[in-house]
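Architecture at a glance
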Amino acid sequence: MAGRSGLPCDDSGALSVDATLAVPGHPGLWGAGDAVAVDGWAAHRMGCAVAMPMGAQAADAIEATLRGRAATDFSLSYTFRCIS
């Protein structure tokens, strides 16, 4: 869907976002979750373990922008990994 919209995408069709989850060249547009490719990141794991903190970060970035502050870069690390 992102590719058909004319927005910037990676080779797999995921929406390209910068480290703050903003879409480059499109002020006021952010992306989060399984359908985004974060600039400088290797492919991230799909699922709620990434999508939920990424969504929270996108909300923080939007709030910071609306308040005239700089948005922080998204970062994520795992304390453990469940295997079943």
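Calculation criteria
Residues numbered from 1 in each chain as written. Predicted model: local features only at pLDDT ≥ 70, side-chain atom pairs only at ≥ 80, totals over all residues. Heavy atoms only, no water. Salt bridge = Lys/Arg side-chain N within 4 Å of Asp/Glu carboxyl O. Buried < 20%, exposed > 50% of the residue type's maximum accessible area, 1.4 Å probe, protein only. Helix = DSSP H or I, 4+ residues; strand = E, 2+ residues; numbered from the N terminus. Expected span 1.5 Å × (residues − 1). Contact = heavy atoms within 4.5 Å. Core = buried A, V, L, I, M, F, W, Y, C linked by side-chain atoms within 4.5 Å. Polar contact = N/O pair within 3.5 Å; in protein donor to acceptor, adjacent residues only side chain to side chain.

**Section: the pattern of salt bridges**
The final tally for this structure, using the stated rule, is one salt bridge. A salt bridge links E63 to R67; the nearest nitrogen and oxygen atoms lie 3.0 Å apart. Among the residues examined, E63 registers a relative accessible area of 36% and is labelled partly exposed. On the basis of relative accessible area, R67 is assigned to the exposed category, the value being 57%.

**What about helix 2 (residues 48-66)?**
Look at helix 2: 26 Å from first C-alpha to last across 19 residues, which is about the 27 Å you get at 1.5 Å a residue. Among the structural elements, strand 2 (36-38) are those in contact with the buried residues of helix 2. G68 occupies a position one or two residues after helix 2 and carries a positive phi of about 80°.

**Some thoughts on the nonpolar core**
Of all hydrophobic cores here, the largest spans eleven residues; its members are A2, L15, V17, L21, V23, V36, V38, V50, M54, A58 and F74. Counting residues per element, this core draws most heavily on helix 2, which supplies three residues.

**Details of unusual backbone geometry**
Even without being glycine, L21 reaches a positive phi, approximately 75°. Relative to the elements of secondary structure, L21 occurs in the loop between strand 1 (15-17) and strand 2. The class of L21 is buried, set by a relative accessible area of 0%.

**A short note on the environment of T65**
Here T65 lies in helix 2. In this structure, the C-alpha to C-alpha distance between T65 and G28, residues 37 residues apart in sequence, is 8.5 Å. Polar contacts involving the side chain of T65 include one to the main-chain carbonyl oxygen of A61, which spans 2.9 Å.

**Describing the side chain of Q57**
Positionally, Q57 belongs in helix 2. Among the residues examined, Q57 registers a relative accessible area of 12% and is labelled buried. Of note is the side chain of Q57, whose polar atom sits 2.8 Å from the backbone oxygen of T72. Aside from chain neighbours lying at most four places away, what touches Q57 is L21, T72, D73 and F74.

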